[in-house]
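# Understanding the architecture of this molecule
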Amino acid sequence: MEYSKILEGLCSYDPRAPDYADYLECIEDTGETPKKPRDNCYCDSCFRGNDDLAVALLEALELLENCGYDPTDLSCPPLSTMDA
């Protein structure tokens, strides 16, 4: 799975979501304050449970990054490196 696909699963009101800039642009004209992500939200991602999975994956990738792995490289390592 690509990193961008994980971000697509986030709540529409999460600043990391790809469409968040579009959302901010829309509410800028009305003067509304941005909604909090996951706060009684019924966007497609929250309603279908995609946000929960995306957040869990991002947290796991952050842990891997802290161990020295590149979180944007979601390819599997060669089997020869797994034996070591």
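First, a word on what this report is: a plain description of the structure on this page.

On a plain count of helices and strands, the chain comes out with five helices and zero strands. For the chain, the N- to C-terminal ordering of α and β elements is α-α-α-α-α. Relative to its 84 residues, the chain shows a buried fraction of 23%. For the chain, long-range pairs separated by at least 24 residues make up 56% of all intrachain contacts whose partners lie at least 6 apart in sequence.

A few words on the pattern of salt bridges. Where charged atoms from two side chains of opposite charge approach closely, those side chains can pair. Considering all chains together, one arrives at four salt bridges under this definition. The residue R16 makes a salt bridge to D14 at a minimum N-O spacing of 2.9 Å. On the basis of relative accessibility, which here comes to 43%, the residue R16 falls in the partly exposed class. A relative accessible area of 3% means that D14 is categorised as buried. When the shortest N-O distance is used, the salt bridge between R38 and D51 registers 2.6 Å. Here R38 is found in the loop between α2 (20-30) and α3 (44-48), whereas its partner D51 is found in helix α4 (residues 50-66), with 13 residues between them in sequence. Classification of R38 as partly exposed rests on a relative accessible area of 34%.

Bringing the environment of L61 into the picture now. Turning to its location among the elements, L61 is positioned in helix α4. Classification of L61 by relative accessible area gives buried; the value is 10%. Sequence spacing of L61 and Y3 is 58 residues, and the spatial spacing of their C-alpha atoms is 9.5 Å.

Rules behind the numbers
Residues numbered from 1 in each chain as written. Predicted model: local features only at pLDDT ≥ 70, side-chain atom pairs only at ≥ 80, totals over all residues. Heavy atoms only, no water. Helix = DSSP H or I, 4+ residues; strand = E, 2+ residues; numbered from the N terminus. Buried < 20%, exposed > 50% of the residue type's maximum accessible area, 1.4 Å probe, protein only. Contact = heavy atoms within 4.5 Å. Salt bridge = Lys/Arg side-chain N within 4 Å of Asp/Glu carboxyl O.

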